[in-house]
Amino acid sequence: MGRWAIAVHGGAGVDPNLPQQRQEEAKQLLTRCLNLGISALRSNLPAIDVVELVVRELESDPLFNSGRGSALTEKGTVEMEASIMDGPNRRCGAVSGLTTVKNPISLARLVMEKSPHSYLAFSGAEEFARKQGVELEQNDYFITEDNVGMLKLAKEANSILFDYRIPLKTCSAGAAAAMESPLQMNGLPISVYAPETVGCVAVDMEGRCAAATSTGGLMNKMTGRIGDSPLIGSGTYACDLCGVSCTGEGEAIIRATLARDVAAVMEYKGLGLQEAVNFVINERLDGGKAGLIAVSRNGEVACRFNTNGMFRGCATEDGFMEVGIWD
Amino acid sequence: MGWAIALHGGAGDIPPSLPPERRLPREAGLRHCLQIGVDALQAQKHPLDVVELVVRELENHPNFNAGKGSVLTTVGTVEMEACIMDGKTKKCGAVSGLTTVVNPVSLARLVMEKTPHIYLAFDGAEHFAREQGVETVNSSHFVTPENVERLKQAKEANRVQIDYTQPIQKDEKNESQIADGDGDSKLGTVGCVAVDRNGNLAAATSTGGLVNKMVGRIGDTPIIGAGTFANNLCAVSATGKGESIIRGTVARDVAALMEFKGLSLQEAASYVVDECVPRGNVGLVAVSATGEVTMPFNTTGMFRACATEDGYSEIAIWPSVQK
């Protein structure tokens, strides 16, 4: 019997002035999700079920940017995306452009299990959701007051930054704009409202790894924009060696095929999990900002980011457990 | 060191008995597109421009599954996707779910150059196309009579396999074993990779997807690292069963084996095709920064062509007699 391990994240890149109360809320949510995953692993649930379960919980809570609480498009709507991958056999499923599906990660799982394809998007994905009978909500359900305010500020203050006709150097428009902007909403810096993504990786007692990632995408994104989260090999990857979920500047993650690269340097270069994670964050991002969580089939867990903080938590079978935001 | 170029028009179960009337136009298309690419490289165009130019030409060719000639979704519509990537900068652009854009690869290039994003899809991508003023036509322009017939056959032959309300085998997603039909472009994708004398690399891939695919289905083509990848070592464009290529991160793995294991282009490409993806599932074309070229596949055949500066040139469909 191997040893289980689990890690969760709620996005990388946190405002340094994040109020204490919000920090506590975030930590409580991460702890709750971690505990949910730990009990599932202890009761022998396969890793693929565990990561889905945990990400559903993160999606259902409005705190982080996925499911309820998703960032808004330039039109003020929600377009969610997610992907999931099972290490054994490397089966995978992904969805993009969801507007009514309560738990995108579960639809990604259904694409993996019940469709002949690996990736469905927009109206076709919504139609598939209806045929599969998953739980649906009006688009309003996903939209929080915080996010409406954030979009308004983003549009007013940074219309140029968000104008795609003018290329950006860094593409995490919401976070970047907010970082540079002294603007506040409800007395809080607006970047408080621009978190990134949620994700979970787990390895079960059988040594099976799995990874899942879900997001509302970038605040004020163009409709139709696809980020790294649903892309197998970029935002999410699992194989028989490890499971990886990434967050941060989507475009930098895609160029680096960041999640696959953790596994690739383990497979082709013989690095250990932590070495592999350090390598990709240090060497593969070309100045981009990102963070990731990973587990190996041996029950190791690793987390690393080059952003200012990352909402994360991890636990292993030997009793180690950690929930943190800063370095 | 010298320039090199390789292109493909899809890999799959292409029967060696393919009748001349189906084979010859495709061979002519490959030859024509290769020449365009060679001329462009000789005129010292940047590989990024070369692969875009060649893939546009392949998209315009009705016998390949991309642009005009794209296969049809289960409701008889066209949904095209494409991707382009520059090796040196690793800048990239991708599009999915296009219904009116004449040259998807050029829209992918515009996403790369004119937006803060990498990947736009469906209505948002169509909207962007209009804003950029690229050539669009009525969606019916892309539908060929041949593809209408192909969809009909696919529906008749394999209703159960593509009906997702029915249980399917868990590990063997028969994505492509749908159409029996003529078996010559049901898997099709087009792609081109090129390198210039200075070692600049680029890759581009474009497709109509899979016959009888579900509306909204995204395959490997637009996914960086799966169907398309380029860095400072090599450029790769893959074709075959989307599911297998995605899970094998095929294009990235060719580059990763060179980068992390020190394999040569040919060793890396052969390893991925032979060891990482089930037989009958994949083909790829790749060039290295030093001007090598390779075009391995584990399917019955692959429509392919290549040329290098030292005068080597090949246009082929099935395995070469001597390797």
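Use the structure listed above.
Structure report, in brief. (Residues numbered from 1 in each chain as written. Chains lettered and ligands numbered in written order. Predicted model: local features only at pLDDT ≥ 70, side-chain atom pairs only at ≥ 80, totals over all residues. Heavy atoms only, no water.)

Structural notes on the interface of chain B and chain A
A common way to state how big an interface is: give the accessible area lost once the parts meet. Counting residues at the interface gives 50 residues for chain B, matched by 54 residues for chain A. Taken together, the two surfaces of chain B and chain A that pack against each other cover about 4600 Å², and 59% of this comes from carbon and sulfur. Counting across the chain B and chain A interface gives three salt bridges. If you look at where chain B meets chain A, you find 16 residue pairs in polar contact (both at pLDDT 80 or more). Of all the elements in the fold, those that place two or more residues in the side of chain B that touches chain A are helix H3 (104-114), strand E4 (119-121), helix H4 (122-132), helix H7 (242-247), helix H8 (250-261) and helix H9 (265-276) of chain B. With seven residues, H8 of chain B is the single largest residue contributor to the side of chain B that touches chain A. Residue composition of the side of chain B that touches chain A, by class: 24 nonpolar, nine polar and 17 charged. Note: strand E9 (residues 225-226) of chain A against E4 of chain B, two bridges, orientation antiparallel. Along E4 of chain B, the bridge assignment pairs isoleucine 226 of chain A with tyrosine 119 of chain B. (Contact = heavy atoms within 4.5 Å. Buried area = accessible area lost by both parts, 1.4 Å probe. Salt bridge = Lys/Arg side-chain N within 4 Å of Asp/Glu carboxyl O. Polar contact = N/O pair within 3.5 Å; in protein donor to acceptor, adjacent residues only side chain to side chain. Helix = DSSP H or I, 4+ residues; strand = E, 2+ residues; numbered from the N terminus. Nonpolar A, V, L, I, M, F, W, Y, C, P; charged D, E, K, R; others polar. Pairing = 2+ DSSP bridges.)

Quick notes on the sheet that holds strand E1 (residues 4-12) of chain B
Here nine strands make up an open sheet; going across it, the order is E9(A)-E4(B)-E3(B)-E2(B)-E6(B)-E5(B)-E1(B)-E11(B)-E12(B) and the pairing mixed. The open sheet is flanked by E9 of chain A together with strand E12 (313-316) of chain B, the only strands paired with a single partner. Bridging between strand E11 (residues 301-308) of chain B and E12 of chain B involves four bridges; their strand directions are antiparallel. Looking at E12 of chain B, one finds that alanine 307 of chain B is bridged to serine 313 of chain B.

Observations concerning unusual backbone geometry
The residue arginine 90 of chain A is not glycine, and still its phi comes out positive at about 50°. Following the sequence through the fold, arginine 90 of chain A ends up in the loop between strand E2 (80-86) and strand E3 (91-98). Despite not being glycine, lysine 90 of chain B has its phi angle at roughly 55°, a positive value.

Brief notes about the pattern of salt bridges
A side chain of one charge can pair with a side chain of the opposite charge if their charged atoms are brought near each other. Under the criterion given, the structure shown has 28 salt bridges over all chains. Across the pair aspartate 49 of chain A and arginine 109 of chain A runs a salt bridge whose closest N-O atoms are separated by 2.8 Å. In this pair, aspartate 49 of chain A sits in helix H2 (residues 47-60) while arginine 109 of chain A sits in helix H3 (residues 104-114), placing the two residues 60 residues apart along the sequence. By relative accessible area, aspartate 49 of chain A is classed as partly exposed at 25%. For glutamate 314 of chain B, the salt bridge identified is with arginine 304 of chain B, shortest N-O distance 3.7 Å. With glutamate 314 of chain B in strand E12 and arginine 304 of chain B in strand E11, the pair connects residues that are ten residues apart, well separated along the chain. Accessibility expressed as a relative area gives 16% for glutamate 314 of chain B, which makes it buried. (Buried < 20%, exposed > 50% of the residue type's maximum accessible area, 1.4 Å probe, protein only.)

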